[in-house]
Each structure stands twice: as structure tokens, then as C-alpha cells.
Amino acid sequence: MPQVNQIGHRNTMEKEDYQSFFHTVLNQLEDGIFHLDPQWRFLEINQVALDYLGINKADIVDKNIWQIFPAYSMYHYALYFKEAKMTNQAVHFEEFNGISSTWYRVSVFPSAVGLTVIIKDIQEEYTYKEKLKTRDLINQSLLDNLEEGMVMIDGNCKVIEINRYAHRELEELFGKSLQAGDSVKKFLISLSQIDLYSAIQEAFLGGAGEMEVAIEDQNQNDVWYNFKFVPVFDTHKKIFAVTVSIKNINYVRRCASQLEAKEAMLRELTHMQSHVIRSPLSSLMGLLDLIDHEQLDKENQKYFKLLKPLAEEMDQQIRNNVHKITSVRE
């Protein structure tokens, strides 16, 4: 019997040493952790979890979690805990702790002996995600306020980003919308007569490009666009995407055509003034120089003296008109 008592005493000491070691390990964890038995009673809990729940260890002795926290006061917890227990599947959710103003991720793992709950501080991760969201919103706002369309395409010809201008132009042009995640191939097929695909592939090889093309819209009218293709590099200087900027230049092209028409008209006027009109006038002035006004009577000499200055004045007026037209053209 003394030997049996000695063995029992040693087993008790080993158990106590193990529990002490276990609690030491638990309290060194950065995450909160606690274990509930099938009757929802606390079996183990570390200090991080106690702080998170806002309770003392003495408060949980021989009590289940619903005695400490009535189900109505932590309704969402009850739903997740019961879901994990009933489905025997891990459940994860995020929770904001108003006391510490910190976001936590709570993971509930079911087992044959109850539930293990791990509480992880994700405030830094959450703040980083919020910064990314804010940055994305700012970037999208900047993109949407550009005065030209912008589509970012990955190596599989799928849209990574598209701004409002590009979305509107493509929808008006083809009657089809284009969203992030869509393939641009359906538009490239519609533009089979235009070598946009080759330009995109060239940009993926590192070559930026630009082209102006006329595209037939839904009403079979030609609409002029300017396309620019620019490769996008990652931090390792590898191309992972291509941006395609799209600008409707129909108005500019129409103005250019009108200017060309006006230019042609001005050229015609210049030619008419300098050749069609001035050439015979020059001949007339030459003939006037050949006339011997001494052989004219006094009456005709009087009219002849008026004729030469008028011709010279007309010649000077034509010269002035040609100069003005030339200046406008330049």
C-alpha cells in the first residue's frame, strides 16, 4: 500500500506539473484561447481570452458560458458556437471589441470533448485592409475622372480595371458592357479589321504603341478613336498587365476635316487671285504701257491718265488679298 500511495502521489504531481506547464504555455500565446465542454462549461482559458471577454478567472468556476454571458447579450456568438457544434465544422467570424477598439477574428473548432475557441487580434490586418480599400477608392475615383477611357488587361486578355469613360464608350459603341473579370476578346472579335490584338501583344513584350482608327458604331457611322498601349511592370520589373487608353477623337477629326476643306478653299482663292484674276490684269497693264498717249486727243488723254492708276490700284488690292489669305493659312 505505501508503494501504491507513492505511485498515486507521483501521478498526481505529474498531472499538476503538466497542468501548470499547460497553463504557462497558454498564457504565453498572443491569441486568446478557451475550451468549452459539451455542457458549455469553461475547461481552460488563458489571460488574453479573459481580457477579451472582460472577466476574471474566478467568475467562470463551475459555470457555463451562458450563465456568465446570457445568450441574448451575445446572440451572434451563440449562433456561431451552436453552428459549429451542430455541423461539427469550424466556424470563423470577425468581431469588433468596443472596449479595446480592436477588431478580432474568432475561430470555433468543434471536437468530441467540446469546443475550442481562438481569438486573434487582427486590428493591424484590418487597418491595412481599410487602407487598401481607401487607396482603391481613391484610385478608382481618379480613373473615373480621367478625360479618356482606361482599361487594364492581364495576360489572358481579362479586364483588371476599367474606368467609367471606357465603360460608357464601349457600351455606346457596341451595345455591350465590359466589367472587371470579363474577357476583351469579344470586343477584339468585333474589331477584327483593326489590329488591336497585335498592339496589345506587342505591349506585353515591352513595346508601347499608339494608333488612330475609325470604328463603325451601332448606327453604322464611323467614329474615330485614339488608342494607346502601355505595359505595366511589377516590383520585379516584369510585365503583368497592359493599359489601353481610349479617347474619342471624332470631334477632333471632324474639325481637322473641316480645316482641310477650308485650306483647300483658301488655296483655290489664292490661286484665283494670283493667277486667274491678276494674270490678265498684268497683261492689261503691259498693254497700257505700249499705248502712245501722245497720239491721243486731249479728251482721250484725260481718260487714259485715269485708267493706269485704277489698274495699278486693282493690282495692289489683289496682292493684298493674296497676302492676307497666305497669312491665314500659315
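Coordinates for the structure precede this section.
Starting from 1, residues in each chain are numbered consecutively following that chain's sequence as written. Totals for whole chains, interfaces and linings use all residues, but because this is a predicted model, local features are given only for residues with pLDDT of at least 70 and pairs of side-chain atoms are given and counted only at 80 or more. Processing note: side-chain calculations cover all non-hydrogen atoms of the structure and skip hydrogens and water entirely.

Draft legend 1. Up close: the overall build of the chain. By the criteria applied, helices consist of DSSP H or I runs no shorter than four residues and strands consist of E runs no shorter than two, each listed in order from the N terminus. When helices and strands are tallied, the chain shows 10 helices and 10 strands. With a 1.4 Å probe rolled over the protein chains alone, any residue whose accessible area is under 20% of its type maximum counts as buried; one over 50% counts as exposed, and the rest are partly exposed. Looking at the chain as a whole, 30% of its 330 residues qualify as buried. With an accessible surface of roughly 22100 Å², the chain has 54% of that area assigned to carbon and sulfur atoms. Accessible surface is estimated by sampling points in the Shrake-Rupley manner with a 1.4 Å probe; for residues, cover comes only from the protein chains shown.

Draft legend 2. A look at the pattern of salt bridges. For this document, the term salt bridge refers to a Lys or Arg side-chain nitrogen within 4 Å of an Asp or Glu carboxyl oxygen. Tallied over the entire structure, the rule returns four salt bridges. Between Arg105 and Glu94 there is a salt bridge; the shortest N-O distance is 3.6 Å. One end of the pair, Arg105, is in strand E4 (residues 102-111); the other, Glu94, is in strand E3 (residues 91-97), with 11 residues separating them in the sequence. Residue Arg105 is classed as partly exposed on the basis of its relative accessible area of 23%.

Draft legend 3. Seen up close, the side chain of Ser245. Secondary-structure assignment places Ser245 in strand E10 (residues 239-248). Look past the residues within four positions of Ser245 in its chain and what remains in contact with it is Glu148, Gly149, Met150, Asn226, Phe227 and Lys228. A contact between two residues is defined here by any heavy atoms of the two lying within 4.5 Å.

Draft legend 4. Here's a closer look at the environment of Ala199. With respect to the helices, strands and loops of the structure, Ala199 is situated in helix H8 (residues 196-204). Owing to a relative accessible area of 15%, Ala199 belongs among the buried residues under this scheme. Considered as a pair, Ala199 and Glu210 are 11 residues apart in the sequence and their alpha carbons are 8.2 Å apart.

Draft legend 5. Molecular detail of the sheet that holds strand E6 (residues 149-154). Each pair of strands is called paired provided DSSP finds at least two bridges between the two strands. One open sheet accounts for five strands, arranged E7-E6-E10-E9-E8; its pairing is antiparallel. At either end of the open sheet lies a strand with only one pairing partner, and these are strand E7 (159-162) and strand E8 (209-216). Strand-to-strand, the axes of this sheet are offset by a mean angle of 25°, without reference to chain direction. Across six bridges, E6 lies against E10 in antiparallel orientation. Here an axis means a line fitted to C-alpha atoms, over the contact stretch when the element is a helix, while the angle between two N-to-C directions is reported on a 0 to 180 degree scale.

Draft legend 6. Representation of the environment of His76 in the model. Position of His76 relative to the elements: it lies in helix H4 (residues 75-87). Here His76 falls in the partly exposed class, since its relative accessible area comes to 31%. Expressed as a C-alpha distance, the spacing of His76 and Phe93, which sit 17 residues apart in the sequence, is 9.6 Å.

Draft legend 7. Structural detail: the pairing of E7. As judged from the three bridges shared by E6 and E7, these two strands associate in the antiparallel manner. Paired with Ile153 across the bridge in E7 is Val159. Hairpin connection between E6 and E7: a loop of four residues separates the two successive antiparallel strands, and Cys157 in this loop has a positive phi of roughly 65°.

Draft legend 8. Spotlight on the nonpolar core. Phe34, Phe42, Ile65 and Phe81 are the most contacted members of the largest nonpolar core, which totals 27 residues. At the level of elements, strand E1 (32-36), strand E2 (42-45), helix H2 (47-53), helix H3 (65-68), H4, E3, E4 and strand E5 (114-121) are the ones that each hand at least two residues to this core. Beyond its immediate chain neighbours, meaning those up to four positions away, Phe42 contacts Phe34, His35, Leu36, Leu53, Ile60, Lys63, Ile65 and Ile68. Residues Ala166, Phe174, Val184 and Leu196 belong to the second largest nonpolar core, which totals 25 residues. Among the buried residues, those of types Ala, Val, Leu, Ile, Met, Phe, Trp, Tyr and Cys that are joined through side-chain atoms within 4.5 Å form a nonpolar core.

Draft legend 9. Main features of the packing of aromatic side chains. The criterion for an aromatic pair is that two Phe, Tyr or Trp rings (for Trp, the six-membered ring) have centres within 6.5 Å, with stacked assigned to planes under 30 degrees apart, edge-to-face to planes over 60 apart and tilted to the rest. Scanning the entire structure with this criterion turns up 11 aromatic pairs. Pairing Tyr52 with Tyr104 gives two aromatic rings, centres 4.6 Å apart and planes at 70°, and the pair type is edge-to-face. Taken together, the positions of Tyr52 in helix H2 and Tyr104 in strand E4 put the pair 52 residues apart, joining distant regions of the chain. For the pair Tyr52 and Tyr104, a shared accessibility class is recorded, and that class is buried. Relative to Phe93, the ring of Tyr77 lies with its centre 5.4 Å away and its plane at 85°, an arrangement referred to as edge-to-face. You can see Tyr77 sitting in helix H4 and its partner Phe93 sitting in strand E3, a full 16 residues away along the chain.

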